[in-house]
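What follows is each chain in one-letter form.
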Amino acid sequence: DSKDIAMKPISDKDMVSAVVYIYSKDPGGGEKIKIIERGCILIPVEAELKHGQENARSISKRMEIELPLTTMDVTSDMIVESARDEKQLLLRLASIVRWKDPDMLISWDTQGAGLGYLIERGALIGKTETSNKNSV
């Protein structure tokens, strides 16, 4: 069975290094979905930062150009942001969700590898920071 050998992320070990989101509006019926914003938040790896003296900002700009302009047959720009670490990535995603105030959040494999995983990682990072502060 493929489920037995499939690699599954382990929330207390495997960090989140990128998140992609689409903010859209469905006026009803799902036939004319309007993509309002597409975005990606990522943590550049060291090799990317060393390659050609690029910094995190230039990597984000390059990715905005290289990524496809079409999602679900709708053309829209892609906003690419870089984060210095997982905590900053998750905080930025949370701020986007609060700012956009969506009526619904949809995710692939919501409990296993989607939104549930992001929540578990955020909780773990919060616990780690709290225990580090208490040990000082």
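Our structure is the block above this text.
Criteria and cut-off values
- Residues numbered from 1 in each chain as written.
- Predicted model: local features only at pLDDT ≥ 70, side-chain atom pairs only at ≥ 80, totals over all residues.
- Heavy atoms only, no water.
- Salt bridge = Lys/Arg side-chain N within 4 Å of Asp/Glu carboxyl O.
- Helix = DSSP H or I, 4+ residues; strand = E, 2+ residues; numbered from the N terminus.
- Buried < 20%, exposed > 50% of the residue type's maximum accessible area, 1.4 Å probe, protein only.
- Core = buried A, V, L, I, M, F, W, Y, C linked by side-chain atoms within 4.5 Å.
- Contact = heavy atoms within 4.5 Å.
- Polar contact = N/O pair within 3.5 Å; in protein donor to acceptor, adjacent residues only side chain to side chain.

Asks: Describe in detail the pattern of salt bridges, supporting the description with residues and values.
Replies: All chains considered together, the criterion is met by 3 salt bridges. Two residues, E37 and K100, come together in a salt bridge whose shortest N-O distance is 2.8 Å. Residue E37 is found in strand β2 (residues 34-42), and its partner K100 is found in helix α4 (residues 86-100); the two are separated by 63 residues along the sequence. There is no split in this pair, since E37 and K100 are both buried. Linking E86 and R121 is a salt bridge whose minimum nitrogen-to-oxygen distance equals 2.5 Å. Separated by 35 residues along the polypeptide, E86 in helix α4 and R121 in helix α5 (residues 115-134) bring together distant segments of the chain. Given a relative accessible area of 7%, E86 falls into the buried group. A relative accessible area of 7% places R121 in the buried class.

Asks: Which residues make up the nonpolar core, and what are the values?
Replies: Soluble globular proteins tend to bury their nonpolar side chains together. Among the nonpolar cores identified, the biggest contains 13 residues, and V16, V19, I41, L89 and L118 are the most heavily contacted of them. Within the residue set of this core, elements represented by two or more residues are β1 (18-25), α4 and α5. Considering each element in turn, this core owes the most residues, 4 residues, to α4.

Asks: Residues and numbers for unusual backbone geometry, please.
Replies: You will see that D101, though not glycine, has its phi angle at about 50°, which is positive. Mapped onto the elements of the fold, D101 is located in the loop between α4 and α5. Using a relative accessible area of 59% as the deciding quantity, one classes D101 as exposed.

Asks: Describe the environment of I96, with residues and values.
Replies: As for its position among the elements, I96 is in helix α4. The exposure class assigned to I96 is buried, which follows from its relative accessible area of 3%. The spatial distance from the C-alpha of I96 to the C-alpha of Y21 is 9.8 Å, given a sequence separation of 75 residues. Residues in contact with I96, not counting those within four places in the same chain, are Y21, I41 and E81.

Asks: Explain the side chain of K100 to me, using residue names and the numbers behind them.
Replies: Note on K100: relative accessible area 14%, which makes it buried. In this structure the side chain of K100 is engaged in a polar contact, spanning 2.8 Å, whose partner is the side chain of E37.

Asks: Describe the environment of D85, naming the residues involved and giving the relevant values.
Replies: Summarising the element assignment, D85 is placed in the loop between β5 (78-82) and α4. D85 sits in the partly exposed class, given a relative accessible area of 30%. Note: C-alpha distance between D85 and M15 (70 residues apart in sequence) is 9.6 Å. A distance of 3.4 Å separates a polar side-chain atom of D85 from the backbone nitrogen of K87.

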